[in-house]
Amino acid sequence: KIALSPSTILLTGESGTGKELVALEIHRNSDRASKPFIKINCAAIPHSLIESELFGYEKGAFTGAVNSKPGRFELADKGTLFLDEVADMPPEMQVKLLRVIQESEFERVGGLQTTKIDVRLVAATNKDLAKEVKEGRFREDLFYRLNVVPIHLPPLRDRRMDLEHLIYFFIRKFNEKLQKQIEAIDPMALKALMRFGWPGNVRQLENVLERALLMSEERILRLTDLPTDIAAQSIDADNKEDADPVIDRVIQAYQSGESFKDIMKRQTQTLEREIIQRALEQNEGNIT
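Please read all numbers here as calculations on a predicted model, not as lab measurements.

**Points about the overall build of the protein**
No. 1: Check the secondary structure of the protein and you find 12 helices and 11 strands.
No. 2: Relative to its length of 288 residues, the protein is extended, with a C-alpha radius of gyration of 27 Å against a globular reference of 19 Å.
No. 3: Here the C-alpha coordinates of the protein stretch approximately 100 × 45 × 40 Å along the principal axes.
No. 4: Split into buried and exposed, the 288 residues of the protein put 39% on the buried side.
No. 5: As displayed, the protein has an accessible area near 16700 Å², and 51% of this comes from carbon and sulfur atoms.
No. 6: In the protein, 41 positive and 46 negative side-chain charges are present, and the distance between their average locations comes to 4 Å.

Take a look at the structure:
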């Protein structure tokens with residue numbers, strides 16, 4: 001509904017929920033799709049450089065400015081500019097950004113010529129901007145200029161129905177990237193992934209699955225391929241639901257510092273030995 005409009009959008013949500021991906025999809029579905037999609041992370045650029053990064057600079061504007069350089073606003077003309085972590089923008093830049101949004105024009109650092117632009121602005125933050133305004137760290141007038149169309153991205157723990165789709169998407173992605181041939185995921189491994197809280201959201205899930213596929217030696221992704229904290233948390237939950245002496249031994253071994261893969265290997269060997277011994281007893285030692 002909003003992609004085809006020129007309205008400014010404010011994306012909010014925890015880190016790793018996919019705010020940049022949403023911004024890109026808004027651009028791709030707009031009438032600006034053939035024009036540039038320019039992004040800048042306001043938290044990653046030193047405060048002394050952010051003005052020249054946004055608005056560009058003229059030759060000789062400061063020491064080291066041997067040539068003129070366009071800023072992100074100029075590069076995004078007729079397209080979309082994505083301002084990530086906008087809450088971390090210094091106060092003096094908030095004033096200048098407000099003016100650009102209101103007037104659709106700016107001057108390069110060290111320049112006198114005013115440049116008119118046509119830019120669709122999408123801003124994002126993982127902070128509560130209303131709270132930042134109340135505590136005096138963010139300009140109230142700029143907040144209202146950015147908050148024309150707010151979109152909140154819920155954390156992964158609140159959208160667990162998406163988890164299975166994302167898990168299989170990342171398995172396909174990393175099969176291709178890592179030249180693996182994972183065909184399925186073991187139910188215990190899937191259960192562990194579905195149970196985990198994912199404080200780092202989709203980004204954390206992606207990193208965990210890349211590591212798991214890298215470590216896997218089979219065509220099925222197993223519980224032992226997952227990081228020990230995720231696997232152990234799932235086993236601990238099973239233990240609370242249905243107490244089992246084998247699970248108790250596994251948890252105790254894990255807490256003592258033994259690797260989860262070694263624990264599972266040893267427990268499997270113990271179980272196999274018991275089954276074989278029982279079968280031999282039932283068949284009076286007849287191996288055939």
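**Here we look at a nonpolar patch on the surface**
No. 1: Together, Ile276, Leu280 and Ile287 make up a nonpolar patch on the protein surface, roughly 320 Å² of accessible area in all.
No. 2: Looking at the element boundaries, Ile276 is found in helix α12 (residues 260-282).

**Things to note about the sheet that holds strand β5 (residues 80-84)**
No. 1: Strand order in this open sheet of 5 strands is β2-β5-β8-β1-β9, and the pairing throughout is parallel. Each edge of the open sheet carries a strand with a single partner, namely β2 (37-41) and β9 (149-152). Strand-to-strand twist in this sheet, taken as the mean axis angle between neighbours without regard to direction, amounts to 20 degrees.
No. 2: In the sheet, β2 pairs with β5 via 5 bridges, with the strands oriented parallel. By the bridge assignment for β5, Phe37 is matched with Thr80.
No. 3: Across the sheet, helix α1 (residues 19-28) touches β1 (9-12), β2, β5, β8 (120-125) and β9, and the angle it forms with β1 is around 150 degrees.

**Some details on the packing of helix α7 (residues 163-178) against helix α8 (residues 187-195)**
Geometrically, a packed helix pair is captured by the angle between its two axes and the distance between the axes.
No. 1: Running from N to C, α7 and α8 point in directions that differ by 120 degrees, and their axes come no closer than 10 Å. Classified by the angle between their axes, α7 and α8 sit oblique to one another. Considering how the two elements wind past one another, α7 and α8 form a crossing that is right-handed. Listed contacts from α8 to Leu163, Glu164, Ile167 and Tyr168 of α7 are Leu190, Leu193 and Met194.
No. 2: Partitioned by chemical class, the residues of the contact of α7 with α8 number 6 nonpolar, no polar and 1 charged.

**Re the packing of α7 against helix α9 (residues 201-215)**
No. 1: At their nearest, the axes of α7 and α9 sit 9 Å apart, and the two run at 45 degrees to each other. What the angle tells us is that α7 and α9 run oblique. Note that α7 runs across α9; the crossing there is right-handed. Only Val202, Leu205, Glu206, Leu209, Glu210, Leu213 and Leu214 of α9 make contact with α7, whose side of the interface consists of Leu163, Leu166, Ile167, Phe170, Ile171, Lys173, Phe174, Asn175, Lys177 and Leu178.
No. 2: Classifying every residue of the contact of α7 with α9 gives 12 nonpolar, 1 polar and 4 charged.

**A short note on unusual backbone geometry**
No. 1: Backbone geometry at Lys78 places phi at a positive 70 degrees, although glycine is not the residue there.
No. 2: Mapped onto the elements of the fold, Lys78 is located in the loop between α3 (72-75) and β5.
No. 3: A residue is classified by how much of its surface remains accessible, and Lys78, at 42% relative accessible area, is partly exposed.
No. 4: Phi angles above zero are rare outside glycine, and Glu85 is one such case at about 50 degrees.
No. 5: Positionally, Glu85 belongs in the loop between β5 and α4 (91-103).

**Focus: the packing of aromatic side chains**
No. 1: Using the criterion set out here, one finds 8 aromatic pairs in the structure.
No. 2: The interplanar angle of 20 degrees and the centroid separation of 6.3 Å between the aromatic rings of Phe37 and Phe82 together place this pair among those described as stacked. A residue pair is termed long-range when its members are at least 10 positions apart, and Phe37 in strand β2 and Phe82 in strand β5 qualify at 45 residues.
No. 3: Overall, the relative accessible area of 1% leaves Phe82 in the buried class.
No. 4: Through a chain of ring-to-ring contacts, the aromatic side chains of Phe55, Phe73 and Phe106 assemble into a single cluster.

**Things to note about the nonpolar core**
No. 1: Among the nonpolar cores identified, the biggest contains 31 residues, and Leu54, Phe73, Leu81, Leu83, Leu97 and Leu146 are the most heavily contacted of them.
No. 2: Counting residues per element, the ones that place at least two in this core are β2, α2 (50-55), β5, α4, β8, α5 (129-134) and α6 (140-146).
No. 3: No other element matches the 5 residues that α4 contributes to this core.
No. 4: Apart from residues lying up to four places away in sequence, Leu83 is in contact with Ile40, Cys42, Leu54, Leu97, Leu121, Val122, Ala123 and Ala124.

The rules behind these values
- Residues numbered from 1 in each chain as written.
- Predicted model: local features only at pLDDT ≥ 70, side-chain atom pairs only at ≥ 80, totals over all residues.
- Heavy atoms only, no water.
- Helix = DSSP H or I, 4+ residues; strand = E, 2+ residues; numbered from the N terminus.
- Rg over C-alpha atoms; globule rule 2.2 N^0.38 Å.
- Buried < 20%, exposed > 50% of the residue type's maximum accessible area, 1.4 Å probe, protein only.
- Areas by Shrake-Rupley, 256 points an atom, 1.4 Å probe, with all protein chains shown as cover.
- Lys, Arg positive; Asp, Glu negative; His and termini not counted.
- Charge placed at Lys NZ, Arg CZ, Asp CG, Glu CD.
- Patch = residues over 30% accessible without salt bridge, like charges linked within 9 Å, V, L, I, M, F, W, Y side chains within 5 Å.
- Salt bridge = Lys/Arg side-chain N within 4 Å of Asp/Glu carboxyl O.
- Pairing = 2+ DSSP bridges.
- Axes fitted to C-alpha atoms, helices over the stretch in contact; angles between N-to-C directions.
- Contact = heavy atoms within 4.5 Å.
- Parallel < 35°, antiparallel > 145°, perpendicular 65-115°, else oblique.
- Left-handed = near helix turned anticlockwise from the far one by under 90°.
- Nonpolar A, V, L, I, M, F, W, Y, C, P; charged D, E, K, R; others polar.
- Phe/Tyr/Trp six-rings, centres within 6.5 Å; stacked < 30°, edge-to-face > 60°.
- Core = buried A, V, L, I, M, F, W, Y, C linked by side-chain atoms within 4.5 Å.

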